[in-house]
Amino acid sequence: MTVVEADGHFVEPFVIKNLFIYSGETYSVLVKADQDPSRNYWVTTSVVSRNNTVTPPGLAIFNYYPNHPKKSPPTVPPAGPLWDDVEPRINQSRAIKAHHDYVFPPPLTSDRVILMLNTQNEINGYRKWSVNNVSFNLPHTPYLIALKENISGVFDPTPAPDYFDLENYDIYTKPNNSNATSSNSIYRLKFNTIVDIILQNANTMVVKNSETHPWHLHGHDFWVLGYGEGTFNMSSDPRTYNLINPIMKNTAPVHPYGWTALRFRSNNPGAWAFHCHIESHFYMGMGVVFEEGVERVGKLPSSIMGCGKSKGLRGRP
């Protein structure tokens, strides 16, 4: 397959045998139908990042007309990549570059850097996912309504943490997060500034385990500046950023025991979720909210009122 597009942006074409797709991503590929036309061919999908021995592969048929579309190929379906082989996944991530005719160069520097440690914790005996050891939960009143209508007491006004103790945190060790905290605080971004997000993956609360997390940003595309293995180094790793032709996406993975560097411009007024796109991980606390330029948002329609403290605003003129 030749990959030509990712998340709505043209990429410099590259050829692959297996395409790794993480929840929330989109790709376009080209396939040249130049094989024996007297038969059909298998297409398979399989799970990676988690043990897939109990999950059967998905099967489809690549049909060469006039063969019947349900005619089984004469070979067994291909096995697919190993679920725990991380190297080819990292190689694909690094191979995705903006097409030379559609390069949107990123700003060379940022105004703010936010480090986000991806791990797990426990709260009252329940396993949660977390960012910087804080598990996110949503308030009953939507953030945009609370911010635009100046409704107090909806969410914790304490700023969400921009960093964790990077130098003294061992990403390869099971954390002792048996009594961690949850919060619904948010990140307040200065409008039209450049923000870097460093996603740092680490060990979960299972020994020798780190999972892939596809992070998805609402309301924006971001530049994917780079991927790395191990602990992010604030001094040396930014020197490796691709500032020439990075792809712009809205979803990007952070690989096991690795890091991913993203950059975006906070130029879309509103309150926007940024979260792991594995639904259960977001539900269990792996997400944040960015607020930017809410004062620029127009009058909110009364039809969206009704949840939490906005109930009294429903039906107003």
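Below or above, wherever it landed, is the structure these notes cover. (Residues numbered from 1 in each chain as written. Predicted model: local features only at pLDDT ≥ 70, side-chain atom pairs only at ≥ 80, totals over all residues. Heavy atoms only, no water.)

**Some points on a nonpolar patch on the surface**
Together, Met-1, Val-29, Val-31, Val-43 and Phe-62 make up a nonpolar patch on the protein surface, roughly 340 Å² of accessible area in all. By the element assignment, Met-1 lies in the segment before β1 (2-6). (Patch = residues over 30% accessible without salt bridge, like charges linked within 9 Å, V, L, I, M, F, W, Y side chains within 5 Å. Areas by Shrake-Rupley, 256 points an atom, 1.4 Å probe, with all protein chains shown as cover. Salt bridge = Lys/Arg side-chain N within 4 Å of Asp/Glu carboxyl O. Helix = DSSP H or I, 4+ residues; strand = E, 2+ residues; numbered from the N terminus.)

**A closer look at helix α1 (residues 87-95)**
When we look at burial in α1, the residues that qualify are Arg-89, Ile-90, Gln-92 and Ser-93. Looking straight down α1, one finds that the buried residues subtend no more than 160° of arc, so they occupy a single side. Those residues of α1 that are buried lie in contact with β2 (9-15), β3 (27-30), β13 (222-229) and β15 (251-254). (Buried < 20%, exposed > 50% of the residue type's maximum accessible area, 1.4 Å probe, protein only. Arc of directions from axis to C-beta. Contact = heavy atoms within 4.5 Å.)

**Focus on unusual backbone geometry**
Residue Tyr-65 is joined to Pro-66 through a cis peptide bond whose omega torsion reads 10°. As for its position among the elements, Pro-66 is in the loop between β5 (58-62) and α1. Of note, the phi angle at Asp-7 is positive, near 50°, even though the residue is not glycine. Position of Asp-7 among the secondary structure elements: in the loop between β1 and β2. A relative accessible area of 7% means that Asp-7 is categorised as buried. Phi at Ser-49 takes a positive value of approximately 80°, unusual for a residue other than glycine. Within the fold, Ser-49 resides in the loop between β4 (41-45) and β5.

**Thoughts on the packing of aromatic side chains**
For the coordinates displayed, the defined rule picks out twelve aromatic pairs. Their ring planes at 40° and their centres at 4.7 Å tell us that Phe-10 and Tyr-102 sit as a pair that is tilted. Of the two residues, Phe-10 sits in strand β2 while Tyr-102 sits in the loop between α1 and β6 (112-123), which places them 92 residues apart along the sequence. Residue Tyr-102 is classed as partly exposed on the basis of its relative accessible area of 42%. Centre to centre, the rings of Phe-136 and Tyr-143 are 6.4 Å apart; their planes meet at 20°, and the pair counts as stacked. Each residue in the set Tyr-187, Trp-215, Phe-264, Phe-274 and Phe-290 is aromatic and connected to the rest through ring pairs, giving one cluster. (Phe/Tyr/Trp six-rings, centres within 6.5 Å; stacked < 30°, edge-to-face > 60°.)

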